[in-house]
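Commentary on secondary and tertiary structure
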Amino acid sequence: MHYLLVSLSHKNTDLTVREKLSFTDTQKRELLSTVLTCESINEAVIVTTCNRMEITVSVNNCSQALDRIYHTLSVMSGIDESELQGRADSFEDEGAVRHLFSVASALESIVIGESQIIGQLKESCAFAKENESCGKKLGRLFKYAFKCAAAVKSSTLIGQNPVSVASAAVAGAKEKLGNLGGYTAVVVGYGEMSALAARHLIKADANVIIIGRNF
C-alpha cells in the first residue's frame, strides 16, 4: 500500500485554473466514485479551498492511480490532461505524509499560519467518510495530520495571532490608506472568505457593499 497526493494550488496554478477545479459537493461525490473505480485506488479524500485542490489516495500502484486522477480531473474540469500533469505536484508515501502535515499546519497557505485550513481539512475528511471513500488508512493519516497541526500550534508562535487571507488583505488596506472609516469597500462574492473580509472591514469602520460574482 502507498500514499499518493496530487496538489494543484496557488503555488503551481493561477486563479483561472483553480476556479475550474472548484467542485460542488455533487461533483466531489462524482469525482470520488470515479477515481475509486480504478483497481489501484483503495481510498480517496478531496480537499478543495479557495487556493488549492488536492486529492489524497491510498493506492496499490502509484502510476496507474495518477493516470486515473489526471484523466478524471481533466474530464470534470475541462482542463487538458497534459496541462494538469505539467502543473500539479505529486507526492508519494513519506512525501505525501509530509505535505499533508504541512498543509494541515498552515505552512503551505498563502498566509502562513492562517486558521481556516484545519477546519477545511476536517470537513473534507468527514465528507469522504460520509461518502464511504475514506477508510482506516486515510482516516489514520488525517487523524495524525490534525495532531501534527495541534502540536505545531501549541509549540510554536505560528498560531499566536490567528490570521487569514481576508484579515491580511484588510491589514494591507489599513497600512496603505490609514483609517478605513469613510471608505466604501466592495466585497465580490459571498462565500466563507468574503464573509471574513466583510467582518474585518466592518470592524475597521469601512462601509461594505457585497455583490455576487456573476449577473
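These remarks concern the structure in this document. (Residues numbered from 1 in each chain as written. Predicted model: local features only at pLDDT ≥ 70, side-chain atom pairs only at ≥ 80, totals over all residues. Heavy atoms only, no water.)

A word on helix H3 (residues 62–77)
Put simply, the test is: We count a stretch as a helix when DSSP gives it H or I for four or more residues in a row; a strand needs E for two or more, and each element gets its number in order from the N terminus. Expected helix span is taken as 1.5 Å per residue step, with the number of steps being one fewer than the number of residues. For every residue, the accessible area obtained with a 1.4 Å probe (protein chains only) is divided by the maximum for its type, and the residue is called buried under 20%, exposed over 50%, and partly exposed between those limits. Residues adjacent in sequence count toward polar contacts only when both atoms are side-chain atoms; beyond that, a polar contact is any pair of N or O atoms within 3.5 Å, and within protein one must be able to donate a hydrogen and the other to accept it.
Helix length check: H3, at 16 residues, gives a terminal C-alpha distance of 22 Å against a target of 22 Å (1.5 Å per residue), a fit within 8%. Every buried residue of H3 is accounted for by Cys62, Ala65, Leu66, Ile69, Tyr70, Thr72, Leu73, Ser74, Met76 and Ser77. Two to three positions downstream of the cap, the backbone nitrogen of serine 63 sits 3.1 Å from a side-chain oxygen, assigning the N-cap of H3 to asparagine 61. Immediately downstream of H3, the backbone of glycine 78 shows phi near 85 degrees, a positive value.

Regarding the pattern of salt bridges
Formally: Each reported salt bridge corresponds to a side-chain nitrogen of Lys or Arg within 4 Å of a carboxyl oxygen of Asp or Glu.
Within the structure shown, the criterion is met by six salt bridges. We note a salt bridge from lysine 11 to glutamate 108, for which the minimum N-O separation is 2.7 Å. Note that lysine 11 is positioned in the loop between strand E1 (2–9) and helix H1 (15–20) and glutamate 108 in the loop between helix H5 (94–104) and helix H6 (117–130), a separation of 97 residues in sequence. Looking at lysine 11, the relative accessible area reads 53%, which means it is exposed.

Notes on the nonpolar core
Our working rule: Residue types Ala, Val, Leu, Ile, Met, Phe, Trp, Tyr and Cys, when buried and joined through side-chain atoms within 4.5 Å, form a set referred to as a nonpolar core. Two residues form a contact once any of their heavy atoms are found within 4.5 Å.
Leu21, Ile69 and Leu73 are the most contacted members of the largest nonpolar core, which totals 28 residues. Broken down by element, the residue count for this core peaks at seven residues, all from H3. Beyond its immediate sequence surroundings of up to four residues, isoleucine 69 is in contact with Leu4, Val6, Val35, Ile41, Ile55 and Val57. Residues Tyr3, Ala106, Ala145 and Phe146 belong to the second largest nonpolar core, which totals 20 residues.

Notes on the packing of H5 against helix H7 (residues 136–155)
Convention followed: Helix axes are fitted only over the stretch in contact, all axes being lines through C-alpha atoms; the angle between N-to-C directions runs from 0 to 180 degrees. For classification purposes, an angle smaller than 35 degrees is called roughly parallel, one larger than 145 roughly antiparallel, one from 65 to 115 roughly perpendicular, and anything else oblique. We call a crossing left-handed when the near helix sits turned anticlockwise from the far one by less than a right angle, and right-handed when that turn is clockwise. Each residue gets one of three labels, nonpolar for Ala, Val, Leu, Ile, Met, Phe, Trp, Tyr, Cys and Pro, charged for Asp, Glu, Lys and Arg, and polar for the others, Gly among them.
At a minimum axis separation of 8 Å, H5 and H7 run at an interaxial angle of 45 degrees. Classed by the angle they form, the pair H5 and H7 counts as oblique. Crossing handedness for the pair H5 and H7: right-handed. When H5 is examined against H7, the residues Val97, Leu100, Phe101 and Ala104 are found in contact with a partner set consisting of Leu141, Phe142, Tyr144, Ala145, Cys148 and Ala149. Considered class by class, the residues forming the contact of H5 with H7 number ten nonpolar, no polar and no charged.

Describing the packing of H6 against H7
Packing of H6 against H7 leaves a shortest axis separation of 11 Å and a crossing angle of 165 degrees. What the angle tells us is that H6 and H7 run roughly antiparallel. In terms of crossing hand, the pair formed by H6 and H7 is left-handed. Of H7, the residues touching H6 (which contributes Ile118, Leu121, Lys122, Cys125 and Lys129) are Gly139, Phe142, Phe146 and Ala149. Tallied by class, the residues present in the contact of H6 with H7 amount to six nonpolar, one polar and two charged.

A closer look at the sheet that holds E1
Note the cut-off: Note on pairing: DSSP must find at least two bridges between two strands before they are called paired.
One open sheet accounts for four strands, arranged E2-E3-E1-E4; its pairing is antiparallel. Two strands lie at the open edges of the sheet, namely strand E2 (41–48) and strand E4 (89–92), each paired on one side alone. Mean inter-strand twist for the sheet, computed between neighbouring axes without regard to direction, equals 15 degrees. As paired strands, E2 and strand E3 (residues 52–59) are joined by seven bridges and run antiparallel to one another. The partner of threonine 48 across the bridge, within E3, is methionine 53.

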